[in-house]
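Overview (structure and organization)
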Amino acid sequence: MIGKLNHVAIAVRDVTKAAEVYHRVFGAQVSDPMPQPEHGVTTVFITLPNTKIELLEPLGQASPIARFLERNPDGGIHHVCYEVDDIEIARDRLKAQGARVLGDGHAKMGAHGKPVLFLHPKDFCGTLIELEQA
Ligand code: CO
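Cut-offs applied
- Residues numbered from 1 in each chain as written.
- Predicted model: local features only at pLDDT ≥ 70, side-chain atom pairs only at ≥ 80, totals over all residues.
- Heavy atoms only, no water.
- Helix = DSSP H or I, 4+ residues; strand = E, 2+ residues; numbered from the N terminus.
- Rg over C-alpha atoms; globule rule 2.2 N^0.38 Å.
- Contact = heavy atoms within 4.5 Å.
- Areas by Shrake-Rupley, 256 points an atom, 1.4 Å probe, with all protein chains shown as cover.
- Lys, Arg positive; Asp, Glu negative; His and termini not counted.
- Charge placed at Lys NZ, Arg CZ, Asp CG, Glu CD.
- 1 Å grid on protein atoms, 1.4 Å probe; cavity = no way out; pocket = protein on both sides within 12 Å on 5 of 7 lines; lining within 4 Å.
- Points joined across faces, edges and corners; volume = space filled by probe spheres on them.
- Donors = N, O, S within 2.8 Å, 3.2 Å for Na, K, Ca; no water.
- Tetrahedral: all angles 85-135°; square planar, octahedral: opposite > 155°, others 65-115°.
- Buried < 20%, exposed > 50% of the residue type's maximum accessible area, 1.4 Å probe, protein only.
- Core = buried A, V, L, I, M, F, W, Y, C linked by side-chain atoms within 4.5 Å.
- Expected span 1.5 Å × (residues − 1).
- Arc of directions from axis to C-beta.
- Polar contact = N/O pair within 3.5 Å; in protein donor to acceptor, adjacent residues only side chain to side chain.

**A closer look at the overall build of the protein**
- For the protein, the count of helices and strands is three helices and nine strands.
- At 15 Å, the protein has a C-alpha radius of gyration in line with the 14 Å of a compact globule built from 134 residues.
- Seen along its three principal axes, the alpha-carbon backbone of the protein occupies a region of about 45 × 35 × 25 Å.
- For the protein, long-range pairs separated by at least 24 residues make up 52% of all intrachain contacts whose partners lie at least 6 apart in sequence.
- By element, 54% of the accessible surface of the protein is carried by carbon and sulfur atoms, the whole surface being about 8000 Å².
- Both charge centroids of the protein, one from 14 positive and one from 17 negative side chains, sit 5 Å from each other.

Structure follows, in structure tokens:
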């Protein structure tokens, strides 16, 4: 069921500064910052040969990453995103095995215009997992 690693997300205080580090130090290809008000974040995507890095900066009062940055003031790995062929089949299979889906349990449109879901970190080795339909 589990497919490719789509991206690793890193929460940061300032995506522009973080993107500049990846660009200057690593010579990486970085996108422009994209505000995503419906997700409470501004994102920058860094394209690597085999996957992507998603930099996340809080946007607005109710940002889902604000508390994470309070606990991790220097930033840190926030989630990993795995691809699945069919997000509803994947969700039902995971729920049948006791995994908890965050939110209302329905897939939402993610940063790439594809349906995504998040899974409770306590069920997956302390790591927040995003599933994205491939
Ligand atoms: Co993500």
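Having seen the model, we can carry on.
**So, the layout of surface pockets**
- Estimated volume of the largest pocket: approximately 790 Å³.
- Around the largest pocket sit 29 residues that line it, and Pro 64, His 78, Leu 102, Phe 118 and Leu 128 are the ones nearest its centre.
- Going through the elements one at a time, strand E4 (41–47), strand E5 (52–58), helix H2 (66–71), strand E6 (76–84) and strand E8 (115–119) are the ones with two or more residues in the lining of the largest pocket.

**Quick look at the coordination of the cobalt ion**
- The protein atoms that coordinate the cobalt ion are His 7 (NE2), Glu 54 (OE), His 79 (NE2) and Glu 130 (OE), at distances spanning 2.0 to 2.3 Å.
- Angles of 86 to 175 degrees at the metal separate the four donor atoms of the cobalt ion, which places the site in the irregular class.
- All donors of the cobalt ion belong to a single chain; written as a sequence motif, their spacing is H-x46-E-x24-H-x50-E. Taken as a pair, Glu 54 in strand E5 and Glu 130 in strand E9 (residues 129–133) lie far apart in primary sequence, 76 residues in all. The same class applies to Glu 54 and to Glu 130, which are both buried.

**Some words on the nonpolar core**
- With 22 residues, the main nonpolar core has Val 12, Val 44, Ile 46, Ile 53, Leu 55, Leu 119 and Leu 131 as its most contacted residues.
- At the level of secondary structure, the elements contributing two or more residues to this core comprise strand E1 (5–11), helix H1 (15–26), E4, E5, E6, helix H3 (87–96), E8 and E9.
- Ala 9, Val 41, Ile 65 and Leu 69 belong to the second largest nonpolar core, which has seven residues in total.

**A closer look at H1**
- Compared with an ideal rise of 1.5 Å per residue, which puts twelve residues at 16 Å, H1 spans 16 Å between its outermost C-alpha atoms and is within 8% of the ideal.
- Within the span of H1, buried status applies to Val 15, Ala 18 and Ala 19. Taken down its axis, H1 places every buried residue within 100 degrees of arc, on the same side. Across H1 from its buried face, at more than 90 degrees, point the exposed residues Lys 17, Arg 24 and Val 25.
- Those residues of H1 hidden inside the fold are in contact with strand E2 (29–30), E4 and E5.
- Put simply, Asp 14 is the residue that caps the front of H1, since its side-chain oxygen is 3.0 Å from the backbone nitrogen of Thr 16.
- Of the residues flanking the end of H1, it is Gly 27, one or two places downstream, whose phi is positive at about 65 degrees.

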